[in-house]
Amino acid sequence: MRKKQFHGITVTLNRTSLKRYMALVIAGIIILFLFAGMLTSVEPGYGLASTQVHEWASEFTGEHFVHVLAMENQYFAQVLPEDSEPLHVSNLAFRVATSINPDDPRSLLGRELPGFALFDGRIAVAGEGTDYTNLPIESAPPMEVLMAEREATEESLAMLEQLEEDANAIESTNGKKVVHIIHSHNYESFLPELETDVPNEAHHSKINITLVGEKFSQELEKRGIGAEVEQRDIQASLTERGWGYPRSYDASREMVEEAMAQNQDLQFFFDIHRDSLPRDRTTVTINGAEYARTIFVIGGNNSNYKHNLHMAEELHNMLEETYPGLSRGVIIKEGATTNGRFNQDLSNQSILMEVGGIDNTLEETYRTAEAVADVFADYYWQAEAVDAGTEKGEE
């Protein structure tokens, strides 16, 4: 031990304490490197993913930060809502350590059972018969199935030709296109239209879900609403670029962004899909005619989530009034095991819509496209009337 004098203050230096301090610093650095090495060397399924960090961070809201400030100055608490509660640190710590949400028992099994990732979807509005056992199923087909060229029925080919003729005969009112329609999984098809009854083979390069989008577009045009349909082959684009099926939304995103840049009149965006559930879950009879049921899917991992959810809920409620049972409801997909955006962050009036399932016919989906167009036209023109009234009032 030795002493030194600094401006009248005696400082005692203990060599043993200094050595101990340096040893702790070195040990801490080594432990930090070991921990970082463990995180980067474990298998992807067990490592720390950015989606997990995002999920944990999403637990913090503006109210939580105000609660923290209120711990030092109670005046901050006065701006908080009466029902506001502080963040439960023990709850968050438990989720960080176990990836289990105590408020959601499904998370206990969600990452352990194959296919149980559907638990990341939650029902916002439940249509008739909709529960957690029959949420939309979106899975990638085998590549050899996706690229195979199967024969379609003669009736399907005839319907395709008629649809193309009708499209050429329709012109948009005032020349404005305000609705953009795309199909991120554009090869999704329907078994009755193909010469196969194998569920995994319900894919076709021409007889597919894009025909439903074309029909929807035509029905909107008949009601005075200009609509455009993305014609480029997204699945072919994936193959050309060496991208896997899960990147379908990346490819379609580029196309939507390009469409928005080229046409400033676009206001509404629909990504139309086909569900994989069987016929008894995706079909309803209304006034003696069979329709392919629809369900609206909203991505919860984006800033436009609430705006898009409100639009979907409005359309669901309007369908329930005019076509009872046609809509299966509105669900929110969010979390680490789903896309969670579906490009809906590009617009606050964007919806993913599932129309029918693998066992529905094109005729049934066309009825649904007409019904949804009928309801959407009412929704659109009501909104236009409100906007016009607002502008007149401002003048």
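Here, every reference points to the structure presented above.
To keep things clear, this report deals only with the structure shown in the data block. Each chain has its residues counted from 1, running along the sequence as written. Local features are withheld for residues below a pLDDT of 70 in this predicted model, meaning they are given only at 70 or higher, and side-chain atom pairs are given and counted only at 80 or more; totals for whole chains, interfaces and linings count all residues. For side-chain calculations, the full set of non-hydrogen atoms in the structure is used, while hydrogens and water are omitted.

1. Some remarks on the overall build of the chain
Where helices and strands are cited, they refer to DSSP runs of H or I of at least four residues and of E of at least two residues respectively, numbered from the N terminus. In terms of helices and strands, the chain carries 13 helices and eleven strands. Counting all 395 residues of the chain, 42% fall into the buried class. Throughout, a contact is declared for two residues whenever any of their heavy atoms are within 4.5 Å. Across the chain, the fraction of contacts at a sequence separation of at least 24, relative to all contacts at a separation of at least 6, is 73%. Using a 1.4 Å probe on the protein chains alone, a residue whose accessible area is under 20% of its type maximum counts as buried, one over 50% counts as exposed, and one in between counts as partly exposed.

2. Topic: the packing of aromatic side chains
In this scheme Phe, Tyr and Trp rings, the latter by its six-membered ring, pair at centre separations within 6.5 Å, and the angle between planes marks the pair as stacked below 30 degrees, edge-to-face above 60, and tilted otherwise. Counted by the stated rule, this structure contains ten aromatic pairs. Measuring from ring centre to ring centre gives 5.1 Å for phenylalanine 268 and phenylalanine 376, while their planes differ by 85°; the resulting arrangement is edge-to-face. Of this pair, phenylalanine 268 sits in strand S6 (residues 268-273) while phenylalanine 376 sits in helix H13 (residues 362-394), and the two are 108 residues apart along the sequence. Like phenylalanine 376, phenylalanine 268 is buried. Ring-pair connections join several aromatic residues into one group, and the members of that group are Phe216, Phe268, Phe270, Phe376, Tyr379, Tyr380 and Trp381.

3. Thoughts on the environment of histidine 67
Here histidine 67 is to be found in helix H3 (residues 62-70). Linking histidine 67 and leucine 80, residues 13 residues apart in sequence, is a C-alpha distance of 8.3 Å. Here histidine 67 is in contact with Leu80, Ser84, Glu85 and Pro86, once residues within four sequence places are set aside.

4. Re empty space enclosed by the protein
Where empty space is left in the structure can be found by rolling a water-sized probe over the atoms. A 1.4 Å probe that fits into a set of points on a 1 Å grid over the protein atoms alone but cannot get out defines a cavity; an open set with protein on both sides within 12 Å along at least five of seven lines defines a pocket, and lining residues are those with an atom within 4 Å of a point. Grid points are joined across faces, edges and corners, and a volume is the space filled by probe spheres set on the points. Inspection of every chain in the model, using the stated rule, returns two cavities of 30 Å³ or more. In this model, the largest cavity occupies a volume close to 110 Å³. For the lining of the largest cavity, the secondary structure elements donating two or more residues are strand S4 (179-182), helix H10 (248-262), S6 and strand S11 (350-355). Under the scheme applied here, ten amino acids are nonpolar (Ala, Val, Leu, Ile, Met, Phe, Trp, Tyr, Cys and Pro), four are charged (Asp, Glu, Lys and Arg), and all others, including Gly, are polar. Partitioned by chemical class, the residues of the lining of the largest cavity number eight nonpolar, four polar and one charged. Each pocket or cavity is described by its volume, and for the second largest cavity that value is around 30 Å³. As for the second largest cavity, its lining consists of Val212, Phe216, Ile272, Met353, Val355, Thr368, Ala369 and Val372. Sorting the residues of the lining of the second largest cavity by element identifies helix H8 (210-222), S11 and H13 as the ones contributing at least two each. Its residues assigned to classes, the lining of the second largest cavity comprises seven nonpolar, one polar and no charged.

5. Focus on the pairing of S4
Covered by surrounding structure in S4 are Val179 and Ile181 together with His180 and Ile182, the residues of both alternating faces. Across three bridges, the pairing between S4 and strand S5 (residues 227-229) is parallel. Bridged to valine 179 within S5 is alanine 227. For the handedness criterion, the strands are oriented away from the viewer, and a crossover whose path from the first strand over the helix to the second runs clockwise is classed as right-handed. What joins S4 to S5 is H8, and the crossover it makes is right-handed. Criterion used throughout: strands pair if DSSP finds at least two bridges between them. Sheet topology note: the S4/S6 ladder contains four bridges and is parallel. Across the sheet, histidine 180 pairs through a bridge with phenylalanine 269, a residue of S6.

6. Considering a nonpolar patch on the surface
Together, Leu18, Tyr21, Met22, Val25, Ile29 and Phe33 make up an exposed nonpolar region whose accessible area comes to about 640 Å². Relative to the assigned elements, isoleucine 29 resides in helix H1 (residues 15-41). Patch membership needs two things, relative accessible area over 30% and no salt bridge, and members are linked within 9 Å if like-charged or within 5 Å if nonpolar (Val, Leu, Ile, Met, Phe, Trp, Tyr). Accessibility throughout is a Shrake-Rupley quantity obtained with a 1.4 Å probe, and a residue counts as covered only by protein chains that appear here. Every case where a carboxyl oxygen of Asp or Glu lies within 4 Å of a side-chain nitrogen of Lys or Arg is listed as a salt bridge.

7. Let's talk about unusual backbone geometry
Despite not being glycine, asparagine 287 has its phi angle at roughly 55°, a positive value. Structurally, the position occupied by asparagine 287 is in the loop between strand S7 (283-286) and strand S8 (289-292). With relative accessibility at 82%, the residue asparagine 287 sits in the exposed group.

Nothing here speaks to function; it is all geometry.
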